[in-house]
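Notes for the structure review
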Amino acid sequence: MTSVVLIAEELAPSAIDVLAYDYHVRHVDGTDRAALLAQVAEADALIVRSATRVDAEVLEAGTSLRVVARAGVGLDNVDVAAATARGVLVVNAPTSNIVSAAEQAIALLLAVARHTATATASLKDGRWERSRFVGVEVQGKTVGVVGLGRIGVLFAQRMAAFGTRLIAYDPYVQPARAAQLGVRLVGLDELLRESDFISVHLPRTPETTGLIGEKELAVVKPGVRIVNAARGGLIDEAALAVALREGRVAGAGLDVFATEPTTESPLFGLDSVVVTPHLGASTAEAQDKAGLSVARSVKLALDGEFVPDAVNVQAGGVVDEDVRPLLALAEKLGKVFTAVAGQVAASVAVEVRGEIVTHDVGVLRLAATKGLFTAVVDERVTYVNAPQLAADRGVEVELVISDEPADHNLVTVRGALPDGRSVSVAGTLTVHGARETAKLTGVDDFDLDLNADGVLLFFRYSDRPGVVGTIGTLLGEAGLNIAAMQVARREAGGEALMTLTVDSSVDAELLSTVAGEIGAERGSAVDLRLNGSAPAAGRPSRPAGPAGRG
């Protein structure tokens, strides 16, 4: 069944084109609450901008929702905690507007320096007042940047071209990194005292709200000009208005306000203030970037892939291109582990070795955790809720980075079971030309060389003649085709492990029959087909106690 993508606000046509090829795209007015609640019930993905409120009620109505995407940077209108609790991915477009926002801050700074807005209004009102609007040059001035995040860095790089001296306050940036940008890190008080221009580039948090208030404005360099194109509330607007009237601050440019939308502020009546209605992301380029970014994220989410821009996924962020192919492998190993174990582990370690450990491989633990619980719980397991599912069952999943030499990258999932047994499964990727293939290389102490794809069956039994024929006959009589088979043993007549790949799912009754005929304690099955998250036959029996389903 084709997934439904519900678009609740205007989205760039290029983004809609990306989605319409693979999904049913529907539209709704996100501000029409009744219509939104009605249509979200059938949606697999919901895309909004800033006007649509995605709260617990919307998330509860969206019983099929897998992803909520905000075509922009902020997420003030999305209840991320409620989405996480329901296993719904939340994504945004964190880099879509960074150039536009940096350019808006520069535009405001220049407009304040040269009285552009008031001079425009004066001339349009029929007055030619050159002497009234004497401004200041930017060259040679000290520009203080509050916050050296992505937008702050872009702003600083562009201001450097004006021949300015750049200083910055950001307690989370190392001096060496700032030095690379040609910026000197200072404390906030020093920045306030030295800067001729100040531009704020911080997120709004409890710690940053009101960061520049009455106390801070009392120590600024006389004649300073202040710009905020980041988030409203970072500067106390009432205190700024007082400082402007008293002449301690020569001018201000604001694109954001503590309450939005707004048409009233103590700043609006001051000629030395340039204001715009939150236009930082309002460029055609930013809108296209935001739409395309979330469209790609929605496609990844609906395809069950890792989404780098997910805000409620542990180990979120950019995944190195060398690590990305191992995500599917780690998830498959988690599925195989649970199938072979037949129950939920008490603890699990995801071990990674090989050249890949020179990269950040933390996301592989998350992928393996997702695989571990796919056949254990009745709810859909995602990158969002997998860690919580593990925590709810008291399962600790740790990442182990091995520095032991290896000929290839190897991922191993090891675990201790409540009954004292230990289980391990291992795999790698092999490359044939441009094609990478996930391989299962080991189960416990048995060496394997089998494609980690399709429906896999596992039987552990005492090695003896005739077992292969018995299994082949039973599966053939049931209409199941065997695509591949491998027997691993330590010694003739000892314990053996048979692994088969079949073309379709095996029902639990047949699995039990085969196990009984060959004297195996049990048979296991796992579905590793693309997007094959539906439980295969041989699903582990329901564990008792806190490790149970739900």
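Along every chain, residues carry numbers that run from 1 in the direction the sequence is written. Thresholds applied to this predicted model are a pLDDT of at least 70 for local features of residues and 80 or more for the giving and counting of side-chain atom pairs; totals over whole chains, interfaces and linings are not thresholded and use all residues. The side-chain values count all of the structure's non-hydrogen atoms but skip hydrogen atoms and water molecules.

By this definition, two strands are paired if DSSP reports at least two bridges between them. By the criteria applied, helices consist of DSSP H or I runs no shorter than four residues and strands consist of E runs no shorter than two, each listed in order from the N terminus. Here 6 strands make up an open sheet; going across it, the order is β14-β13-β15-β16-β17-β18 and the pairing mixed. Each edge of the sheet is formed by a strand with only one pairing partner; in this case those strands are β14 (396–401) and β18 (446–451). In this sheet, adjacent strand axes meet at a mean angle of 20 degrees when their direction is disregarded. Bridge count for strand β13 (residues 347–353) against β14 is 6 bridges, and the pairing is parallel. Paired with V352 across the strands is I401, a residue of β14. To get an axis, a line is fitted to the C-alpha atoms, and for a helix only the part in contact is used. The angle between two axes follows their N-to-C directions and goes from 0 to 180 degrees.

We now examine the environment of V183. Topologically, V183 is positioned in the loop between α8 (175–180) and β8 (184–185). Judged by its relative accessible area of 5%, V183 is buried. Contacts between residues were defined by any pair of non-hydrogen atoms, one from each residue, lying within 4.5 Å. Contacts of V183, omitting those with residues within four sequence positions, involve L148, A156, L166, I167, A168 and A178. Any residue under 20% of the maximum accessible area for its type is buried, any over 50% is exposed, and the rest in between are partly exposed; the area is computed with a 1.4 Å probe on protein chains only.

Turning our eyes to something else, we now look at helix α7 (residues 150–160). The complete set of buried residues in α7 reads G152, V153, L154, F155, A156 and M159. Considering only its buried residues, α7 is in contact with α5 (98–113), β6 (142–146), β7 (165–169) and β9 (197–200).

The sheet built from 7 strands is open, its strands ordered β8-β7-β6-β9-β10-β11-β12 with parallel pairing. Whereas interior strands pair on both sides, the edge strands pair on one side only; in this sheet they are β8 and β12 (273–275). As defined by bridge partners, β6 adjoins β7 across 5 bridges and the pair is classed as parallel. Note that in β7 the partner of T142 across the bridge is R165.

Let's shift gears to the side chain of D255. Take D255: it is sitting in the loop between β11 (249–254) and β12. Although D255 is buried, it makes no salt bridge; R231 carries the closest opposite charge, 7.8 Å away. N or O atoms within 3.5 Å of each other form a polar contact, as long as, within protein, one can give a hydrogen and the other can take it, and as long as residues adjacent in sequence are counted only when both atoms are side-chain atoms. In this structure the side chain of D255 is engaged in a polar contact, spanning 2.6 Å, whose partner is the backbone nitrogen of L279. Working convention for charge: Lys and Arg count positive, Asp and Glu count negative, and His plus the chain ends are omitted. A pair is scored as a salt bridge if a Lys or Arg side-chain nitrogen falls within 4 Å of a carboxyl oxygen belonging to Asp or Glu.

Take the environment of A239 next. With respect to the element layout, A239 can be found in helix α11 (residues 237–246). Counting along the chain gives 27 residues from A239 to P266, while the straight-line C-alpha distance between them is 9.4 Å. Among residues more than four places away in sequence, those in contact with A239 are G213, E214 and L217.

Take α11 next. All of the buried residues in α11 are E237, A239, L240, A241, A243 and L244. Residues of α11 that are buried in the fold lie against α10 (214–217), β10 (224–228), β11 and β12. Positive phi shows up at G247, right after α11, with a value of about 85 degrees.

Next up on the list: the pairing of β6. Burial of β6 is extensive: 5 of the 5 residues sit out of reach of the surface. Of the two faces of β6, the one lined by T142, G144 and V146 and the one lined by V143 and V145 are each fully buried. Relative to β9, β6 runs parallel, the two sharing 4 bridges. The residue of β9 that forms the bridge with V145 is S199.

Glycine aside, residues mostly have negative phi angles, and peptide bonds mostly take the trans form. Omega for the bond connecting E260 with P261 falls within 30 degrees of zero, at -5 degrees, which places this linkage in the cis form. Of note, P261 is situated in the loop between β11 and β12. A positive phi angle, near 55 degrees, is found at D444, a position not held by glycine. Along the chain, D444 turns up in the loop between β17 (435–443) and β18.

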